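Descriptive analysis of the structure
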Amino acid sequence: MTQQQDTTGTSLIIEGIAADARQQAEALLAEGKKMAEERIAFARGKADKITREAEGKARLQADTVRQTVLSGINVALKREKLQAQDGLLKEVLARAGEKIAGMIATPAYRNILAAWITEAAAGLDVPVARVNASAAERKLIDTALLGEAAKNAENICNHPVSLSLADAPPLAGQGVVVTAADGRTAFNNQVATRLRRHESAIRNLVYDTMFSSSNNTGELSEGIEKS
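Just so it is clear, the model here is predicted, and its values are computed rather than measured.

Describing the environment of alanine 94
As for its position among the elements, alanine 94 is in helix 1 (residues 3-102). A relative accessible area of 39% places alanine 94 in the partly exposed class. Along the backbone, alanine 94 and alanine 192 are 98 residues apart, and their C-alpha atoms lie at a distance of 9.7 Å.

What follows is the structure, encoded as structure tokens:
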């Protein structure tokens, strides 16, 4: 073997090794690049998932806050609506009381007193009773009025009824109170009591008249939700 042949053979071997090394290196680089790309893609996907979850949570929190605010507004509006209704009811009752008080001086009030006494006597349903009223009203209650009320009560109770003016001091409030002769039972037919009896009907009338025609709470909350 000549030196030239030895050199050439060695060179081929070295070149072969180098070629193999390059192939291995290229394969390693390709594999590394693939792994890197996969890791980058995984990391990007994970980052996107985290971002989406964060955005979803943010939207959920925003919706929760929005619903809480809207709920608070609706509660406040309903509370104000109820307060307005109660205030209007009190005003209606006060004006009704004033109007009825102003009727004492009218000729028609005698018939009103007779009706109230009849109602109280029939509700009490006793044979003998005493009638009391305010000072201004007691001046209107005479024997004829008591007799008329007693006769009307008899027709309702189906037994004799005797009514007389009470010896007790006049009532402070307008209206009448009919008390049994033994003093154990009484029927309160004063104006304040009568208004309380009809308060539910008056409240419904106030609500139907002033509030049922529009649903301000719903309209306002709907407008806020759309904004």
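Some thoughts on the side chain of threonine 118
Along the polypeptide, threonine 118 turns up in helix 2 (residues 109-124). Other than its neighbours up to four places away in sequence, threonine 118 contacts Ala149, Asn152, Ala153 and Ile156.

Topic: the confidence of the model for the protein
Per-residue confidence for the protein gives a mean pLDDT of 78, with 72% of residues at or over 70. Below pLDDT 50 for its whole length, residues 1-11 participates in one contact with residues either more than four positions away or in separate chains. Here residues 223-227 is a poorly scored stretch, pLDDT under 50, and it has eight contacts once near neighbours within four places are set aside; other chains count.

Considerations on the pattern of salt bridges
It is possible for side chains of opposite charge to pair when their charged atoms get near one another. In total, this model carries four salt bridges according to the counting rule given. When the shortest N-O distance is used, the salt bridge between glutamate 91 and arginine 95 registers 2.7 Å. Taken together, the positions of glutamate 91 and arginine 95, both in helix 1 and four residues apart, correspond to about one turn of that helix. Residue class for arginine 95 comes out exposed when judged on its relative accessible area of 56%. As a salt-bridge pair, glutamate 119 and arginine 194 come within 2.5 Å of each other at their nearest N and O atoms. Of this pair, glutamate 119 sits in helix 2 while arginine 194 sits in helix 5 (residues 191-197), and the two are 75 residues apart along the sequence. Taking relative accessible area as the criterion, arginine 194 reaches 19% and is therefore assigned buried.

Rules used in this analysis
- Per chain, residue numbering runs from 1 following the sequence as it is written.
- Restriction of local features to residues with pLDDT of at least 70 applies here, the model being predicted, together with a cutoff of 80 or more for giving and counting side-chain atom pairs; totals for whole chains, interfaces and linings are based on all residues.
- The side-chain quantities take in all heavy atoms of the structure and omit both hydrogens and water.
- Secondary structure elements follow DSSP: runs of H or I of four or more residues count as helices, runs of E of two or more count as strands, with numbering from the N terminus.
- Burial classification: accessible surface area is computed with a 1.4 Å probe over protein chains only, and a residue below 20% of its type maximum counts as buried, one above 50% as exposed, and the rest as partly exposed.
- In what follows, a contact means two residues having at least one pair of non-hydrogen atoms within 4.5 Å.
- As a per-residue measure, pLDDT reflects the predictor's confidence and takes values from 0 up to 100.
- Here, a salt bridge means any side-chain nitrogen of Lys or Arg that lies within 4 Å of a carboxyl oxygen of Asp or Glu.

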